[in-house]
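Chain and residue survey
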Amino acid sequence: MTKIAFLSAEFRPLAKIGGLADVALELPKALLKLGLDIRLFMPRYSHIDLGDINAEPAGVVDVLRGDQTIQAHVFSAVVGGIPVYLVDGPALQQAPEVYPGQPLEGERFVFFSIAVVNYFCQSGWVPDVMHANDWHTAAAVSYLALKQNGDDPEDAELGNTGSLLTIHNLPYMGNGSEPAVRAFQIPPVASEALPDWAREIPLPMGIAIADRVSTVSPTYALEIQTKEYGSGLDGLLSARADALSGILNGIDPSSWDPATASDLAVNFTSDSLEDRKLGKKALLEELDLDPDVSVPLLGMVTRLDTQKGVDIALDALEGMLAKQDQMQRWSFVLLGTGNHHIESRCADFAARHPDRIKAVLKYDAGLASRIYAGSDMILVPSRYEPCGLAQLIAMRYGGIPVVRKTGGLKDSVPPYSDEENGTGFLFKDFSAEALQQALYQAFEVYRDQALWKSLQLRAMSADFSWKRSAEQYRDLYLRIIESRSGN
Ligand code: ADP
């Protein structure tokens with residue numbers, strides 16, 4: 001049975017900060033169903049109650065930090081059907097947050113990465129492929145290579161373990177971890193393509209030497225090889241182009257099912273799309289917006305971060321309002337939290353147009369579902385988007401995405417003009433004008449409700465299940481194993 005170690009800083013429900021937590025649950029679950037022996041390794045943060053998950057002690061491993069030996073305590077449990085190994089140590093107990101900031105983040109994640117690799121040797125369960133995710137676990141790739149190139153006979157059994165490093169969001173590369181990388185004596189990577197500033201930063205180090213590198217969409221895999229999206233690593237990523245690929249994330253169709261979701265006011269299926277309108281009506285009431293259901297409702301659910309293009313969305317909408325285009329009425333709801341400047345701009349915009357614009361500045365999973373299920377169009381105008389979940393959930397709920405043609409948005413939303421597969425509206429330039437054009441196109445199609453319905457039906461039946469992604473990851477693992485055995 002193919003053995004895969006899946007390393008992640010987040011895992012739903014034990015440590016959920018962003019989308020990585022969902023991937024770390026859903027992807028291993030789908031890989032288990034394909035018959036792989038997959039085990040998840042994550043840090044044991046202090047908020048995780050080991051008793052609650054019936055975790056058992058599973059070993060103690062030594063981690064060297066200079067001339068100090070630090071013990072890592074490993075616990076095992078089964079969570080969500082997945083075998084999970086939690087690694088504890090002093091750097092994990094020093095702050096309750098998952099991401100307490102540097103320099104502690106560097107200390108805890110480098111420590112964790114080394115402990116996991118040492119645990120493989122000690123436990124005797126040595127994976128065929130070690131799959132690291134994002135910068136937090138990328139040091140494991142460098143450390144594994146270090147062990148494989150060393151001459152300690154105890155490390156011999158690591159000789160065949162291949163490595164895959166998945167980049168979920170390139171700009172987060174672990175800057176500030178250099179002191180920890182040095183303290184734990186992971187030597188700088190010697191690769192001509194690696195810029196000097198990146199030699200001791202976990203993600204670039206891992207990218208330089210992992211057997212394969214992947215990102216969460218094929219288009220993002222190409223984009224990060226360019227100056228515009230490469231965060232200074234475009235040269236390195238281009239140098240590794242042959243080892244780099246993209247696999248789109250999925251969503252769990254049963255967690256996102258408009259027929260059964262308990263947080264919706266009205267459930268519906270593709271056979272009862274008229275009921276969706278009742279949900280829209282209830283949403284308009286809940287938000288205190290113009291109650292006319294024939295007016296298109298635009299929705300946006302997002303972190304308020306410059307990545308997400310909220311600035312161009314607001315510019316576009318303000319511009320459309322300024323044109324006083326009475327022929328085209330629409331309403332807009334935004335749900336999001338984050339950057340305070342963006343929050344206050346949203347609040348200000350909503351205050352000036354209370355019957356048309358609503359800004360709900362908090363995290364609210366239930367309202368998010370109702371927005372996906374009640375809006376006609378969901379806006380995702382991101383500057384860059386490695387994969388993006390909003391458009392996938394929107395489509396499943398019959399909301400038509402209006403998205404920037406970038407990364408996973410481009411890969412998951414075929415344009416409406418594609419009569420067989422089209423599910424949404426795309427624009428290329430990162431500008432308010434380009435977004436306005438896409439919105440005007442969408443309004444035009446919306447006027448033809450039969451045509452709109454055909455878009456909705458296609459969107460709702462698109463396959464974004466994790467099974468599809470898991471099959472591609474399995475193929476990638478097998479390629480890594482094959483190339484290792486050919487060595
Ligand atoms: P990212 O991971 O970059 O934030 P994604 O689109 O991949 O963006 O995933 C974000 C997820 O978080 C989506 O499922 C979105 O619905 C959800 N989300 C973002 N902001 C909020 C919020 N304020 N309330 C509820 N859900 C939110």
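The structure presented is a predicted model; accordingly, all values stated were derived computationally and were not measured. (Residues numbered from 1 in each chain as written. Predicted model: local features only at pLDDT ≥ 70, side-chain atom pairs only at ≥ 80, totals over all residues. Heavy atoms only, no water.)

A separate point is the domain arrangement of the protein. A common measure of how large an interface is: the accessible area buried when the components associate. Domains assigned within the protein are domain 1 (3–250 + 467–485) and domain 2 (270–463). For domain 1 and domain 2, the distance between their C-alpha centres works out to 35 Å. At the junction of the two partners, domain 1 supplies 16 residues and domain 2 supplies 18 residues. Overall, the association of domain 1 and domain 2 removes approximately 1200 Å² of surface from exposure, summing both partners, and the carbon and sulfur fraction of that is 52%. On the domain 1 side of the interface with domain 2, the three residues burying the most area are Thr 219, Tyr 229 and Leu 248, jointly 33% of the side's total. (Domains from an automatic or database assignment. Contact = heavy atoms within 4.5 Å. Buried area = accessible area lost by both parts, 1.4 Å probe.)

Within strand β6 (residues 129–133), five of the five residues are buried, leaving the element largely enclosed by the surrounding structure. Two strands pair when backbone bridges link them, and strand β1 (residues 3–7) and β6 are joined in this way by four bridges, in the parallel orientation. Bridging from a neighbouring strand, Ala 5 pairs with Met 130 of β6. Sheet topology places β6 next to strand β7 (residues 162–167); five bridges connect them, and they run parallel. Opposite Ala 132, over in β7, you have Leu 165 as the bridge partner. The parallel pair β6 and β7, bridged by helix α4 (residues 134–149), forms a crossover whose chirality is right-handed. (Buried < 20%, exposed > 50% of the residue type's maximum accessible area, 1.4 Å probe, protein only. Helix = DSSP H or I, 4+ residues; strand = E, 2+ residues; numbered from the N terminus. Pairing = 2+ DSSP bridges. Right-handed = clockwise from strand over helix to strand, strands pointing away.)

The subject of this paragraph is the side chain of Ser 369. When you line up the elements, Ser 369 lands in helix α12 (residues 365–374). Apart from residues no more than four positions distant in its own chain, Ser 369 is found in contact with Trp 256, Asp 263, Leu 264 and Tyr 397.

A separate point is the sheet that holds strand β5 (residues 82–88). Strand order in the open sheet formed by nine strands is β3-β4-β5-β2-β1-β6-β7-β8-β9, with mixed pairing between adjacent strands. Looking at the sheet topology across the chains shown, the edges are occupied by β3 (56–65) and β9 (244–246). When the angles between neighbouring strand axes are averaged without regard to direction, this sheet yields 25°. Bridge analysis of β1 against strand β2 (residues 37–43) gives five bridges, and the strand direction is parallel. Residue Lys 3 lies in a different strand from β2, and its bridge partner there is Asp 37. Contacts from helix α1 (residues 19–33) reach β1, β2, β5 and β6 within the one sheet, and its direction differs from that of β5 by about 135°. Its contacts with the sheet place helix α3 (residues 104–123) against β1, β2, β3, β4 (68–79), β5 and β6, and it is angled at close to 115° to β3. (Axes fitted to C-alpha atoms, helices over the stretch in contact; angles between N-to-C directions.)

Turning our attention to the packing of aromatic side chains. Counted under the stated rule, the structure contains 15 aromatic pairs. Between the aromatic rings of Phe 41 and Tyr 119, the centroid separation amounts to 6.4 Å while the plane-to-plane angle is 65°, which identifies the pairing as edge-to-face. Taken as a pair, Phe 41 in strand β2 and Tyr 119 in helix α3 lie far apart in primary sequence, 78 residues in all. Neither Phe 41 nor Tyr 119 differs from the other in exposure class; each is buried. Within the aromatic cluster, the residues linked to one another by ring pairs are Phe 41, Tyr 85, Tyr 119, Phe 120 and Trp 125. Its guanidinium or amino end placed over the ring of Phe 184, Arg 65 lies 5.6 Å from that ring's centre, counting from NZ or CZ. Geometry around Trp 330 places Arg 356 over its ring, the cationic atom sitting 4.9 Å from the centre. (Phe/Tyr/Trp six-rings, centres within 6.5 Å; stacked < 30°, edge-to-face > 60°. Lys NZ or Arg CZ within 6 Å of the ring centre and 35° of its normal.)

Inspection of the region around the ligand gives 16 residues, with Arg 303, Lys 308, Lys 362, Tyr 372 and Leu 389 positioned closest. Contact between the ligand and Lys 308: an oxygen atom at 2.8 Å from a side-chain N or O atom of the residue. Protein contact buries 84% of the 560 Å² of open area that the ligand shows by itself. Counting only elements with at least two residues in the shell around the ligand, the list comes to β10 (297–304), β11 (331–338), α12 and α13 (390–396). (Near = heavy atom within 4 Å. Polar contact = N/O pair within 3.5 Å; in protein donor to acceptor, adjacent residues only side chain to side chain. Areas by Shrake-Rupley, 256 points an atom, 1.4 Å probe, with all protein chains shown as cover.)

This part takes up a negative patch on the surface. The grouping of Asp 151, Asp 152, Glu 154 and Glu 157 at the surface amounts to a negative patch. With respect to the helices and strands, the residue Glu 154 is situated in the loop between α4 and β7. The exposure class assigned to Glu 154 is exposed, which follows from its relative accessible area of 61%. (Patch = residues over 30% accessible without salt bridge, like charges linked within 9 Å, V, L, I, M, F, W, Y side chains within 5 Å. Salt bridge = Lys/Arg side-chain N within 4 Å of Asp/Glu carboxyl O. Lys, Arg positive; Asp, Glu negative; His and termini not counted. Charge placed at Lys NZ, Arg CZ, Asp CG, Glu CD.)

Turning next to the nonpolar core. Ranked by internal contacts, the top residues of the largest apolar core, which has 171 residues, are Phe 11, Phe 41, Met 42, Phe 120, Ile 207 and Phe 332. If you tally residues by element for this core, the top one is α3, at 11 residues. When we break this core down by domain, the ones giving at least three residues each are domain 1 (3–250 + 467–485) and domain 2 (270–463). Residue contacts for Phe 41: discarding those within four places in its chain leaves Ala 5, Phe 6, Leu 7, Ser 8, Tyr 85, Phe 112, Val 116, Tyr 119, Phe 120 and Trp 125. (Core = buried A, V, L, I, M, F, W, Y, C linked by side-chain atoms within 4.5 Å.)

Side-chain pairs of opposite charge can arise where the charged atoms are in close proximity. Tallied over the entire structure, the rule returns 26 salt bridges. Note that Glu 385 is salt-bridged to Lys 308, the shortest N-O span being 2.9 Å. Placement of the pair is Glu 385 in the loop between β13 (377–380) and α13 and Lys 308 in the loop between β10 and α10 (310–322), with a sequence separation of 77 residues. The exposure class of Lys 308 is buried, given its relative accessible area of 14%.

Looking at the second largest pocket, its volume works out to about 270 Å³. Lining the second largest pocket are 14 residues; nearest its centre among them are Leu 64, Ile 114, Asn 118, Tyr 143 and Lys 147. The residue inventory of the lining of the second largest pocket, partitioned by class, reads six nonpolar, three polar and five charged. (1 Å grid on protein atoms, 1.4 Å probe; cavity = no way out; pocket = protein on both sides within 12 Å on 5 of 7 lines; lining within 4 Å. Points joined across faces, edges and corners; volume = space filled by probe spheres on them. Nonpolar A, V, L, I, M, F, W, Y, C, P; charged D, E, K, R; others polar.)

Turning to the environment of Ala 438, a few remarks are in order. Secondary-structure assignment places Ala 438 in helix α15 (residues 432–447). Excluding its chain neighbours within four sequence positions, the residues that come into contact with Ala 438 are Val 402, Phe 425, Leu 426 and Phe 427.

Taking 1.5 Å per residue as the helical rise, α15 with its 16 residues ought to reach 22 Å, and the 23 Å between its terminal C-alpha atoms agrees with that figure. If you check which residues of α15 are buried, you get Ala 432, Ala 434, Leu 435, Gln 436, Ala 438, Leu 439, Ala 442, Phe 443, Val 445 and Tyr 446. (Expected span 1.5 Å × (residues − 1).)

This part is about the packing of α10 against α15. Here α10 crosses α15 at 60°, and the two axes come no closer than 8 Å. Crossing geometry of α10 relative to α15 is assigned as right-handed. Where α10 approaches α15, its residues Ile 312, Ala 313, Asp 315, Ala 316, Leu 317, Gly 319 and Met 320 are matched on the opposing element by Ala 432, Leu 435, Gln 436, Leu 439, Tyr 440 and Phe 443. Here the contact of α10 with α15 is built from residues that sort into 10 nonpolar, two polar and one charged. (Left-handed = near helix turned anticlockwise from the far one by under 90°.)

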